[in-house]
Amino acid sequence: MEQFRQTETGLYVLAPAKINLSLLVAGKRLDGYHELETIMAKVDYYDELLVEWGTKPGIELICNGPYWAPDGQDNLVWKACRLLLEKADKNPPIKVTLNKNIPAGTGLGSGSSDAAAALMALNRFANLGISNTDIHSIAAILGSDVNFFLEGPLAFCSGRGEKINPLNVVFPFQAILIIPDISTSTKKVYENYTHNPDIYGQLSAKINAFLDQNKVDFAAKMCANMLEQSCFQLYPELADIKKRVEESVRRSVCLSGSGSTLYCLIDGNDKIQIRDRCRDTVKRDTNCLCKLVSSNGW
Ligand code: C5P
């Protein structure tokens, strides 16, 4: 599936979700952010945006369900459009319609992905001619995860998360996303995080050794997420869901980002079995949305 499609009235764009195949915290920075080393992968679960000319001055943002997203200026999509138009020194009337198919606050990066999609789509649609470098600078202002969605589909990200090093490795995968009806606060999860340099050192050495050999699958199987402990302290229901699903499917269940989504990578051999068991378990024991996804091609 292509990311962009020209419609009769505008430019339609898909904004994919991501999962973190690993997430290491290298330490806390002087600016309050945390230095990260994370492998991120896009999956084929999408929000949808349509960028059109508006009928009134300014930027109009319409958010449609099924999930909630903040309206107007509070939405990163609105801010993305504003910053891009400021950079271009233009002020045409713009209307953006967002179909929110991915719940926010679930560690799937949908707000950041929406913002990245808006930057790319508005630049094309309104022919603004803003360079890739400038779009990346705007993305970094909008949030730590936005830059990744300008690249991908698989990357090693560092700094706050905004320094992107695409991994040119073929790593097709399927995963079951277990999305609880809980929206976590990234800020609170980082505030509650206690750094352990020894654990970071060990995990980093192992993951970097795997990456040096292009073994992303081995790195992913470690399920290393240094935010997990903090997240589970704040949201103990998530630890409970993870335990129950792990016992039932007998596979590692990993946390994406700062939560709340948990996921289980599927081996080619046992995918139907695992998928069915996981789906049944999730249905029976939890209140979660369960979604089978594949790695995204772009
Ligand atoms: O960059 P973003 O707005 O997505 O980050 C949300 C919050 O998460 C930040 O305000 C910060 O408290 C925390 N954060 C962090 N270190 C990072 C990324 C985010 O401490 N690398």
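Residues numbered from 1 in each chain as written. Predicted model: local features only at pLDDT ≥ 70, side-chain atom pairs only at ≥ 80, totals over all residues. Heavy atoms only, no water.

A. Looking closely at the overall build of the protein. The helix and strand inventory of the protein stands at 9 helices and 11 strands. The C-alpha radius of gyration computed for the protein amounts to 19 Å, which stays within 12% of the reference 19 Å derived for 298 residues, consistent with globular compactness. On the principal axes, the C-alpha backbone points of the protein span a range of 55 × 45 × 35 Å. Here the protein, with 298 residues, has 54% of them falling under the buried criterion. Considering only intrachain contacts with a sequence separation of at least 6, the fraction spanning at least 24 residues in the protein is 74%. Surface accessibility of the protein: about 13,800 Å² in total, with carbon and sulfur atoms responsible for 48%. Charge separation in the protein, taken as the distance between the mean sites of 32 positive and 34 negative side-chain charges, equals 2 Å. (Helix = DSSP H or I, 4+ residues; strand = E, 2+ residues; numbered from the N terminus. Rg over C-alpha atoms; globule rule 2.2 N^0.38 Å. Buried < 20%, exposed > 50% of the residue type's maximum accessible area, 1.4 Å probe, protein only. Contact = heavy atoms within 4.5 Å. Areas by Shrake-Rupley, 256 points an atom, 1.4 Å probe, with all protein chains shown as cover. Lys, Arg positive; Asp, Glu negative; His and termini not counted. Charge placed at Lys NZ, Arg CZ, Asp CG, Glu CD.)

B. Here's a closer look at the domain arrangement of the protein. If you check the domain split of the protein, you get domain 1 (4-166) and domain 2 (174-294). Distance between the C-alpha centres of domain 1 and domain 2: 24 Å. Between domain 1 and domain 2 lies a buried interface of about 2,400 Å² when both sides are counted; carbon and sulfur atoms form 65% of it. Contact with domain 2 buries surface across domain 1, with Leu23, Leu24 and Val25 losing the most and accounting together for 22% of the total. Summed over the shared surface of domain 1 and domain 2, the number is 0 salt bridges. Inspection of the region where domain 1 meets domain 2 yields 14 residue pairs in polar contact (both at pLDDT 80 or more). Those elements that provide at least two residues to the side of domain 1 that touches domain 2 are β2 (10-28), β3 (34-53) and β6 (154-159). At 10 residues, β2 tops the list of elements feeding residues into the side of domain 1 that touches domain 2. (Domains from an automatic or database assignment. Buried area = accessible area lost by both parts, 1.4 Å probe. Salt bridge = Lys/Arg side-chain N within 4 Å of Asp/Glu carboxyl O. Polar contact = N/O pair within 3.5 Å; in protein donor to acceptor, adjacent residues only side chain to side chain.)

C. Layout of helix α3 (residues 132-142). Of the residues making up α3, those classed as buried are Ile135, His136, Ile138, Ala139, Ala140 and Leu142. Buried positions along α3 lie against α1 (76-88) and α2 (110-125).

D. Fine view of the state of the cysteines. Applying the stated rule across the entire model yields 1 disulfide. With a sulfur-sulfur separation of 1.9 Å, cysteine 223 is cross-linked through a disulfide to cysteine 254. The S-S bond linking cysteine 223 to cysteine 254 shows a torsion near -50 degrees; that makes this disulfide left-handed. Of this pair, cysteine 223 sits in the loop between α6 (216-221) and α7 (228-234) while cysteine 254 sits in strand β9 (residues 254-255); the two residues are 31 residues apart in sequence, bridging distant segments of the chain. Like cysteine 223, the residue cysteine 254 is buried in the burial classification. For cysteine 231, which is in no disulfide, the shortest distance to another cysteine sulfur is to cysteine 288 and amounts to 13 Å. The class for cysteine 231 is buried, based on a relative accessible area of 0%. (Disulfide = S-S within 2.5 Å.)

E. Here's a closer look at the pairing of strand β5 (residues 94-99). With 6 bridges connecting them, β3 and β5 associate as antiparallel partners. Bridge pairing in β5 places leucine 49 opposite leucine 98. Inspection of the sheet shows strand β4 (residues 59-64) paired to β5 by 6 bridges, in the parallel sense. Within the sheet, the bridge partner assigned to asparagine 64 lies in β5 and is asparagine 99. With respect to chirality, the unit in which β4 leads through α1 into the neighbouring parallel β5 is left-handed. (Pairing = 2+ DSSP bridges. Right-handed = clockwise from strand over helix to strand, strands pointing away.)

F. Examining the side chain of lysine 242 more closely. Its place among the elements puts lysine 242 in helix α8 (residues 236-249). There is a polar contact of 2.9 Å between the side chain of lysine 242 and the backbone oxygen of valine 253. Setting aside residues up to four positions removed in sequence, lysine 242 forms contacts with Glu228, Phe232, Val253 and Leu262.

G. Just unusual backbone geometry, in detail. With an omega dihedral of 10 degrees, the bond running from glycine 65 to proline 66 counts as a cis peptide bond. With respect to the element layout, proline 66 can be found in the loop between β4 and α1. Omega for the bond connecting glycine 259 with serine 260 falls within 30 degrees of zero, at 15 degrees, which places this linkage in the cis form. Note that serine 260 resides in the loop between β9 and β10 (262-266). You will see that asparagine 214, though not glycine, has its phi angle at about 60 degrees, which is positive. Looking at where asparagine 214 falls in the secondary structure, it is placed in the loop between α5 (197-212) and α6.

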